[in-house]
Amino acid sequence: MEKKDVPQDHGIYGQWHGICYVTDENGEYVRSKSSGWEPLNIANGIAWEFINEDLAGILKKVKKGELSPLAYHMNKNMMDAKVLSQYSGFARWRVNRHLKPRAFNKLDDEVLKRYASVFNITIEQLKETP
Amino acid sequence: MILKSIDKEFIHRQSAHCESGSTSNLLLNYGIEASEPLVFGIGSGIFFGYFPFIKVQGMPTITFRNMPGRILKNTAKRLGVRFETFKFHDPEKAMDALDRVIDNGVPAGVRTGVFWLPYMPDAMRFHFNAHTIVVYGRNGNDYLVSDPVFDYPVVCPRKDLMKARFAEGLLAPRGKMYCLSEVPEKVDFSQAIRKGIREVCYVMIHFPFPLIGVGGIRMFAKALRRWPERHEKRRLPLYLGHAIRMQEEIGTGGGGFRLIYAAFLHEAAHITGDDRFLEMSKRMTAIGDRWREFALYGARICKNRSSDGDNFDRLSDIILDCAGKEYQLYKDLWEIVK
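Residues numbered from 1 in each chain as written. Chains lettered and ligands numbered in written order. Predicted model: local features only at pLDDT ≥ 70, side-chain atom pairs only at ≥ 80, totals over all residues. Heavy atoms only, no water.

**A word on the packing of aromatic side chains**
Residue and element names in this part refer to chain B.
So, point 1. By the definition in use, this model includes 22 aromatic pairs over all chains.
So, point 2. Here Tyr50 and Phe220 contribute two aromatic rings whose centre-to-centre distance is 5.3 Å and whose plane-to-plane angle is 50 degrees, an arrangement assigned as tilted. Here Tyr50, found in strand β1 (residues 46-56), pairs with Phe220, found in helix α7 (residues 214-230); they are 170 residues apart in sequence, far enough to count as distant.
So, point 3. What makes Tyr50 buried here is its relative accessible area of 7%.
So, point 4. Exposure remark for Phe220: the relative accessible area of 1% places this residue in the buried category.
So, point 5. Ring centres of Trp227 and Tyr239 lie 5.9 Å apart, and the angle between their planes is 70 degrees; on these two criteria the pair is classed as edge-to-face. Linking Trp227 in helix α7 with Tyr239 in helix α8 (residues 236-248), this pair joins segments that are twelve residues apart in sequence. (Phe/Tyr/Trp six-rings, centres within 6.5 Å; stacked < 30°, edge-to-face > 60°. Helix = DSSP H or I, 4+ residues; strand = E, 2+ residues; numbered from the N terminus. Buried < 20%, exposed > 50% of the residue type's maximum accessible area, 1.4 Å probe, protein only.)

Written as structure tokens, this is what we have:
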């Protein structure tokens, strides 16, 4: 890539820049700042589209009473039961059980606090969904 | 344990990739002027691996760089620099250890999970656990962080940094921290460059595992051809987008690290005085640009939501072309450094 071709498609980097190593007119390598590249913005956008779509599906299930609010927060933080079990310290089968409303509603504050601290929220926020 | 203080404000130099960047920045602050591409090359950073059985957010792992931590280790070994590495179980103890080090004026490299770093742009907050940053000081509970992929140093609160250092999941950092403990007076770059290139040639051509190196690129191309049949049509753009992101997202310097490596070969020519590296550098640039073509064309397919088999054949052909060119390049490089 040559210096004049460095893409400047503003997007996912926000206010920041990425570094590209490109050749200048003399064939020397120089560092050059890029504020983004459109193909990458598209690929990143698609990833978020799917994440949000899945999250909307989960939210619907929570509203219907098929899943607990924990499932919503877990997916919002892009975790699965395995990772959440590593973060919270609860066994995987317990996390899986807590994803069901019946088990979740019976949890005491100690357990809820541990989950809430994983997501950096309060217990009240953990019980709620938008 | 000998740790030296740097006795001055930490110099932050923005770089394309986090690990080679933080290593290069640490060395720079201790008086060894090694640019990022140079560290990347000496650390044998360039790589290819296609691991469909290791899932990242449910998708196959495609990596263009070697294992996190290898660049640091290789560079240290080949330049005669020594690192002191620390690992922790208890987050509080890990932070206290970091405090002790930076309060003495010693910058420390720290492994973190990107998801918990508050200064990350929202669009890039994914669970990626091998992000290396340098912490060089603090004001009470606000840590001064030199994150090599950002324009200038940033500030990170204690509780976020603690969480980032103990991120869980694939490649969990477990509070890993390292400081320089011994720096030689003089370093021999040209020997280190040769050793770095030799390892790359071995791994990319001869590594006895089919999913690694040029063979891995070919396997990936083959798998890509079958994607339209094997995956749900709706989710195809997601998979293709994932491949593009692994190749281009911040930290690769474009073209899946190929352009950084081209810069390294260019610098190698100047340091060793061997003009054959210049020629190699030009070829590597062309390969990097070809990889970028894959991203460009792939993104177009994603955008149009087309799952036409022909399109994927064409993508696969681009990658096969890259594989062929890379194979020849590493063979020729081997002739130079053997």
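**Regarding the pairing of strand β1 (residues 18-23) of chain A**
In regular strands, side chains alternate between the two faces of the sheet.
Residue and element names in this part refer to chain A.
So, point 1. For β1, a buried count of six out of six residues is recorded, marking the element as mostly surrounded by other parts of the structure.
So, point 2. Every second residue of β1 is oriented toward a common face, with Gly18, Cys20 and Val22 on one face and Ile19, Tyr21 and Thr23 on the other, all of them buried.
So, point 3. Relative to strand β2 (residues 29-34), β1 is paired through six bridges, and the arrangement is antiparallel. In the strand pairing of β2, Thr23 is matched with Tyr29.
So, point 4. Count of turn residues in the β1/β2 antiparallel hairpin: five residues, of which Gly27 carries a positive phi of about 80 degrees. (Pairing = 2+ DSSP bridges.)

**Regarding the sheet that holds strand β3 (residues 82-86) of chain B**
Residue and element names in this part refer to chain B.
So, point 1. Spatial strand order, β3-β8-β4-β5-β6-β7: six strands in an open sheet with antiparallel pairing. The sheet is open, and its two edges are formed by β3 and β7 (154-157), each paired on a single side. Here the average twist between neighbouring strands, direction ignored, is 40 degrees.
So, point 2. Bridge count for strand β6 (residues 142-146) against β7 is four bridges, and the pairing is antiparallel. If you follow Tyr143 over to β7, its bridge partner there is Cys156. (Axes fitted to C-alpha atoms, helices over the stretch in contact; angles between N-to-C directions.)

**Some details on the interface of chain A and chain B**
So, point 1. Of the residues lining the interface, 39 residues belong to chain A; the matching set on chain B comes to 54 residues.
So, point 2. Summed over both partners, the interface of chain A with chain B comes to about 4,100 Å²; 60% of that surface belongs to carbon and sulfur atoms.
So, point 3. Ranking the residues of chain A by area buried against chain B places Trp16, Tyr21 and Tyr29 of chain A at the top, with a combined share of 19%.
So, point 4. The interface formed by chain A and chain B contains three salt bridges.
So, point 5. Counting every contact that joins chain A to chain B gives 19 residue pairs in polar contact (both at pLDDT 80 or more).
So, point 6. Counting residues per element, the ones that place at least two in the side of chain A that touches chain B are β1, β2, α1 (38-64), α3 (81-88) and α6 (109-118) of chain A.
So, point 7. Examining the composition of the side of chain A that touches chain B, we find that 13 residues originate from one element, α1 of chain A, more than from any other. (Contact = heavy atoms within 4.5 Å. Buried area = accessible area lost by both parts, 1.4 Å probe. Salt bridge = Lys/Arg side-chain N within 4 Å of Asp/Glu carboxyl O. Polar contact = N/O pair within 3.5 Å; in protein donor to acceptor, adjacent residues only side chain to side chain.)

**So, the state of the cysteines**
Working definition of a disulfide: a covalent bond connecting the sulfur atoms of two cysteines.
Residue and element names in this part refer to chain B.
So, point 1. Throughout the structure, instances matching the rule amount to zero disulfides over all chains.
So, point 2. The structure places no disulfide on Cys201, whose sulfur is separated from the nearest cysteine sulfur, that of Cys322, by 18 Å.
So, point 3. Take Cys201: its relative accessible area is 1%, and that puts it in the buried class.
So, point 4. With no disulfide of its own, Cys302 has Cys322 as its nearest cysteine by sulfur position, at a separation of 17 Å. (Disulfide = S-S within 2.5 Å.)

**Brief notes about the packing of α1 of chain A against α8 of chain B**
Angle between the axes and distance between the axes: these two values describe a pair of packed helices.
So, point 1. Close contact between α1 of chain A and α8 of chain B brings their axes to 8 Å; oriented N to C, the two are set at 130 degrees. When the axes of α1 of chain A and α8 of chain B are compared, the pair comes out oblique. Like other packed secondary-structure pairs, α1 of chain A and α8 of chain B cross with a definite hand, here left-handed. Packed against α1 of chain A, whose contacting residues are Pro39, Leu40, Ala43, Asn44, Ile46, Ala47 and Phe50 of chain A, the element α8 of chain B presents Pro237, Leu238, Gly241, Ile244, Arg245 and Glu248 of chain B at the interface.
So, point 2. When grouped by side-chain class, the residues that make up the contact of α1 of chain A with α8 of chain B number nine nonpolar, two polar and two charged. (Parallel < 35°, antiparallel > 145°, perpendicular 65-115°, else oblique. Left-handed = near helix turned anticlockwise from the far one by under 90°. Nonpolar A, V, L, I, M, F, W, Y, C, P; charged D, E, K, R; others polar.)

**Let's talk about unusual backbone geometry**
Residue and element names in this part refer to chain B.
So, point 1. Residues other than glycine seldom take positive phi values, yet Leu171 does so here, at roughly 55 degrees.
So, point 2. Among the secondary structure elements, Leu171 is positioned in the loop between α5 (158-165) and β8 (177-182).
So, point 3. In this structure, Arg174 is a non-glycine residue whose phi angle is positive, near 50 degrees.
So, point 4. With respect to the element layout, Arg174 can be found in the loop between α5 and β8.
So, point 5. Note on Arg174: relative accessible area 43%, which makes it partly exposed.

**Re the nonpolar core**
So, point 1. In terms of nonpolar packing, the biggest core is built from 156 residues, with Leu98, Ile197, Tyr261 and Tyr330 of chain B touching the most fellow members.
So, point 2. Those residues in contact with Ile197 of chain B, other than ones at most four positions away along the chain, are Tyr261, Phe264, Leu265, Phe277, Leu333 and Val337 of chain B.
So, point 3. With five residues, the next largest nonpolar core counts Met1, Val6, Cys20 and Val22 of chain A among its residues. (Core = buried A, V, L, I, M, F, W, Y, C linked by side-chain atoms within 4.5 Å.)

**Here's the deal with the pattern of salt bridges**
So, point 1. Summed over all chains, the structure comprises 27 salt bridges over all chains.
So, point 2. The salt bridge partner of Asp54 of chain A is Arg235 of chain B, with a shortest N-O separation of 3.9 Å. A residue pair is termed interchain when its members come from two chains, as with Asp54 of chain A in helix α1 and Arg235 of chain B in the loop between α7 and α8.
So, point 3. Given the relative accessible area of 37%, Asp54 of chain A is considered partly exposed.
So, point 4. With relative accessibility at 22%, the residue Arg235 of chain B sits in the partly exposed group.
So, point 5. Across the pair Asp99 of chain B and Arg138 of chain B runs a salt bridge, and its minimum N-O distance is 3.5 Å. Of this pair, Asp99 of chain B sits in helix α4 (residues 91-103) while Arg138 of chain B sits in strand β5 (residues 131-139), placing them 39 residues apart in sequence.
So, point 6. By relative accessible area, Asp99 of chain B is classed as buried at 7%.
So, point 7. Residues joined in a network through salt bridges with shared partners are Glu92, Asp96, Asp99, Asp103, Arg138 and Arg158 of chain B.

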